[in-house]
Amino acid sequence: MTWEMTVTVLIIVMMMGMLVKEIARPEYVLSGALAVLLLTGILTPREAIQGFYNKGMLTIGLLCIVAGAVQKSGWAERFIDYVLNKGKTPRGSLLRIMVPSSIFSGVLNNTPIVAAFTPIVRQWCEKHDLAPSKFLLPISYATIAGGTMTLIGTSTNLVVHGMLVERGYQGFSFFQLAVIGVPVTVVLLCFMVLIGMKMLPSRVPTMPYYSGETEQKQFSAEMVVKKGGRYEGMTLKQAGLHQENGLRLTGMIQNKTVRTEISPYYVLKEGDRLLLRGKLTDIAALEKKNGLWLDTGPAYQLDGLKQGEIRLLEVVVTHYSSILFKKIKDILFPRQFDAAVLGVHRYQEALEDRMKDITIKPGDTLLLLAGPDFEKRTSSRNEFTVLHGRGNPFQELPSWKGILPVFLLGVMVLLAAAEVISIFTAALLTVLIVLGLNIMPVREAKNYIPFQVLVVIAAALGIGEAMLKTGAAAYIAETFIHWMAPVGLLGIFLLLYVLTNIFTEMITNNAAAIIMLPVSIETANLLDLSITPFAVIVAIAASASFMTPIGYQTNLFVYGQGGYRFVDFLKVGGPVSLIVMTLTISITWLVWV
């Protein structure tokens with residue numbers, strides 16, 4: 001072994017150890033490993049940064065924006081809500097949600113799918129006295145399996161495809177992996193409905209809903225039950241208002257006093273005032289359901305905000321403000337500032353007072369409905385710091401803006417599948433249309449791009465280049481062939497799958513694929529065989545993370561949401577992994593060897 005090869009292997013071993021021990025975030029660990037390879041001269045600057053303009057990596061970012069536009073339209077959530085309510089038995093409902101989850105994940109990023117479906121499923125389970133733990137892990141598994149059906153179904157497929165193309169090999173066609181993905185998905189769905197559901201625990205999680213956006217502010221707001229609205233006459237449990245899309249009921253106002261202990265079987269009446277706490281987007285989504293209205297006072301109404309006549313501003317109260325330590329009802333916001341308070345956020349504190357009784361403190365963040373004179377009345381006074389970039393989730397989208405993203409997604413998939421244009425070009429055109437027509441503002445689109453994941457992929461691509469350049473990948477490939485010589489090609493496939501799968505369970509799916517693909521390339525070259533079966537095995541094995549919650553982001557997402565324990569993943573994911581591995585290797589052998 002040369003010194004370059006030795007150093008590369010040592011860096012990769014140390015990197016994997018740090019990832020397993022979770023010493024630092026994956027993007028920091030991989031970026032640090034890439035920096036060391038650059039500083040030692042093993043990689044040139046051009047080789048080190050080539051991953052940051054890799055088409056596969058860029059395509060993933062573009063597809064996340066497309067998925068965000070579809071998610072924003074609300075079509076997927078409404079569809080799942082409809083599907084769940086059609087199920088007559090728990091097993092029937094599970095099958096009804098797993099099928100569309102797996103199909104959607106074939107064309108959309110599976111993490112936002114799970115993020116969008118989780119609160120709906122948890123609310124539905126609570127209404128029907130079912131344990132969410134029987135549903136959430138199967139949904140995660142369904143999206144993982146469904147993602148293997150198409151080129152764009154998972155970032156791993158795109159990364160492997162991009163690496164193959166950059167090295168002069170023929171990448172995957174749009175539906176090439178469906179030869180394995182479809183059988184795997186069908187068998188997995190059958191297993192989870194017939195056997196897996198029995199193996200899963202009946203456990204109710206204690207943690208609140210989580211949507212993957214921990215850094216978004218939680219605002220306290222006051223909402224009133226509408227006369228004739230969808231919630232009048234329903235119990236809190238039936239309405240799901242105490243756990244609706246990430247919102248938490250902190251109290252109810254009765255006889256001018258705040259009650260914090262409320263029975264889930266309390267029947268809602270017209271005029272009941274609920275104190276809720278959650279993200280602004282969740283408050284807006286609840287208001288749009290025509291069951292509650294936000295109390296903003298007589299001077300300002302939400303209709304003006306929806307029509308764009310008044311603005312939604314997020315401001316921070318300064319330490320020099322004249323409103324400090326005053327109750328909102330005593331400040332007279334409309335008269336002083338041409339504004340009304342919509343919600344209040346206080347760092348690490350859940351406010352349980354009525355909106356008008358909240359005492360303003362330095363650093364409080366206020367959501368304001370601001371009239372045209374707000375800036376004039378505050379510009380010469382150091383009352384607030386206005387935070388820029390706040391969108392208006394209350395503003396109704398024209399119907400065409402809700403339908404167009406779904407239509408564009410369909411066109412994008414058709415063009416890419418027919419190989420009229422590349423998936424990168426199709427995704428880029430779709431994003432340009434979405435941004436150009438203002439279906440999603442640029443500032444909002446940035447929220448849907450998983451920058452941390454993209455950095456991991458880009459850095460891992462550079463590390464994969466080092467493995468090829470130094471001969472480390474060829475050395476490992478030769479060792480594989482030597483070990484498996486008595487068993488033959490089937491044994492090499494098995495070892496390649498098992499190692500890739502172990503790596504993806506311990507570190508990340510994309511890093512595992514990028515580390516193992518150079519090994520598969522060198523193995524194919526040494527055996528003088530087509531690269532396709534080796535690349536297929538790496539792509540599927542890197543995505544097939546079923547045995548740990550840390551191997552795949554959707555598993556990690558449902559880990560706390562379903563109240564699971566680590567052993568639950570091993571118990572159910574072990575048989576699933578064995579089934580997927582057997583199908584993958586068998587079909588690869590029959591189709592590509």
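Everything numeric here is computed off the predicted structure, so don't read it as measured data.

Engineer: Whenever I open this one, the overall build of the protein confuses me. Can you help?
Structural biologist: Helices and strands together make up the secondary structure of the protein, namely 26 helices and 10 strands. For the protein, contacts bridging at least 24 residues in sequence account for 79% of all contacts bridging at least 6. Accessible surface computed for the protein: about 25,500 Å², of which carbon and sulfur atoms make up 61%.

Engineer: Even after reading the chapter, I still don't get the packing of aromatic side chains, so can you show me in this structure?
Structural biologist: By convention here, two paired aromatic rings are described through the distance between centres and the angle between planes. A full pass over the atoms with the stated rule returns eight aromatic pairs. Judged by centre distance (5.2 Å) and plane angle (75°), the ring pair of F337 and F384 falls under edge-to-face. Here F337 is found in helix α15 (residues 333-337), whereas its partner F384 is found in strand β10 (residues 384-387), with 47 residues between them in sequence. For F337, a relative accessible area of 0% corresponds to the buried category.

Engineer: Got a minute to help me understand unusual backbone geometry in this structure?
Structural biologist: Among all residues except glycine, the phi angle is most often negative; among peptide bonds, the trans geometry is most common. Here E419, not a glycine, exhibits a phi torsion of approximately 60°, which is positive. Examined against the element boundaries, E419 turns out to sit in the loop between α17 (399-417) and α18 (423-436). A positive phi is found at N438, a non-glycine position, where the angle reads about 60°. With respect to the helices and strands, the residue N438 is situated in the loop between α18 and α19 (442-445).

Engineer: Teacher, can you tell me more about a nonpolar patch on the surface here?
Structural biologist: On the surface, V179, L490, W589, L590, V591 and V593 cluster together into a nonpolar patch covering about 550 Å² of accessible area. Top element by residues in the nonpolar patch is helix α26 (residues 566-592). It accounts for three residues. Counting through the fold element by element, W589 comes out in helix α26. Owing to a relative accessible area of 35%, W589 belongs among the partly exposed residues under this scheme.

Engineer: Help me out: how do you make sense of the pattern of salt bridges in this one?
Structural biologist: Where side chains of opposite charge bring their charged atoms close, a pairing between them can arise. Tallied over the full model, the rule gives eight salt bridges. The salt bridge partner of D272 is K269, with a shortest N-O separation of 4.0 Å. Owing to a relative accessible area of 8%, D272 belongs among the buried residues under this scheme. By relative accessible area, K269 is classed as partly exposed at 45%. For K376, the salt bridge goes to D373, with nearest N and O atoms at 3.8 Å. Because the salt bridges share partners, they merge into one network encompassing D373, K376 and R377.

Engineer: I would appreciate a short explanation of the packing of helix α21 (residues 472-484) against helix α23 (residues 509-527) in the present structure.
Structural biologist: Packed helix pairs are characterised by how far apart their axes lie and by the angle those axes make with each other. With their axes 8 Å apart at the nearest point, α21 and α23 run at an angle of 60° to one another. One way to sum up the angle between α21 and α23 is to call them oblique. Note that α21 runs across α23; the crossing there is right-handed. Of α23, the residues touching α21 (which contributes A473, A474, I476, A477, E478, F480 and I481) are M516, P518, V519, E522, T523, L526 and L527. Residues of the contact of α21 with α23, tallied by class, amount to 11 nonpolar, one polar and two charged.

Engineer: Any chance you could explain the side chain of R346 here in plain terms?
Structural biologist: Mapped onto the secondary structure, R346 falls in the loop between β8 (339-345) and β9 (365-370). Given a relative accessible area of 9%, R346 falls into the buried group. Among the polar contacts made by the side chain of R346, one reaches the main-chain carbonyl oxygen of T359 at a distance of 2.6 Å. In this structure the side chain of R346 is engaged in a polar contact, spanning 2.7 Å, whose partner is the side chain of D364. In contact with R346, other than residues within four places in its own chain, are R277, L351, I358, T359, I360, K361 and D364.

Engineer: What is the right way to look at the environment of K469 in this model?
Structural biologist: Relative to the assigned elements, K469 resides in helix α20 (residues 451-470). Sequence separation of K469 and T8 is 461 residues, and the distance between their C-alpha atoms is 10.0 Å. Not counting residues up to four positions away in its chain, the partners in contact with K469 are I42, L43, T44 and E47. Only 2.8 Å separates the side chain of K469 from the side chain of E47, close enough to count as a polar contact.

Engineer: Can you walk me through the environment of I60 in this structure?
Structural biologist: Mapping I60 onto the fold places it in helix α4 (residues 55-73). For I60, a relative accessible area of 4% gives the class buried. In sequence terms I60 and V159 are 99 residues apart; their C-alpha atoms lie 8.6 Å from each other.

Engineer: Explain helix α24 (residues 532-543) to me, please; I cannot follow it from the model alone.
Structural biologist: At 3.6 residues per turn, the α-helix brings residues three or four places apart onto the same side. Compared with an ideal rise of 1.5 Å per residue, which puts 12 residues at 16 Å, α24 spans 17 Å between its outermost C-alpha atoms and is within 8% of the ideal. Of all 12 residues in α24, 12 are buried, a share of seventy percent or more. Those residues of α24 that sit buried are T532, P533, F534, A535, V536, I537, V538, A539, I540, A541, A542 and S543. Each element contacted by the buried residues of α24 is listed here: α8 (136-147), α9 (155-166), α10 (178-199), α22 (489-506), α23 and α26.

What counts, and at which threshold
Residues numbered from 1 in each chain as written. Predicted model: local features only at pLDDT ≥ 70, side-chain atom pairs only at ≥ 80, totals over all residues. Heavy atoms only, no water. Helix = DSSP H or I, 4+ residues; strand = E, 2+ residues; numbered from the N terminus. Contact = heavy atoms within 4.5 Å. Areas by Shrake-Rupley, 256 points an atom, 1.4 Å probe, with all protein chains shown as cover. Phe/Tyr/Trp six-rings, centres within 6.5 Å; stacked < 30°, edge-to-face > 60°. Buried < 20%, exposed > 50% of the residue type's maximum accessible area, 1.4 Å probe, protein only. Patch = residues over 30% accessible without salt bridge, like charges linked within 9 Å, V, L, I, M, F, W, Y side chains within 5 Å. Salt bridge = Lys/Arg side-chain N within 4 Å of Asp/Glu carboxyl O. Axes fitted to C-alpha atoms, helices over the stretch in contact; angles between N-to-C directions. Parallel < 35°, antiparallel > 145°, perpendicular 65-115°, else oblique. Left-handed = near helix turned anticlockwise from the far one by under 90°. Nonpolar A, V, L, I, M, F, W, Y, C, P; charged D, E, K, R; others polar. Polar contact = N/O pair within 3.5 Å; in protein donor to acceptor, adjacent residues only side chain to side chain. Expected span 1.5 Å × (residues − 1).

Function cannot be inferred from these measures alone, as they are strictly geometric.
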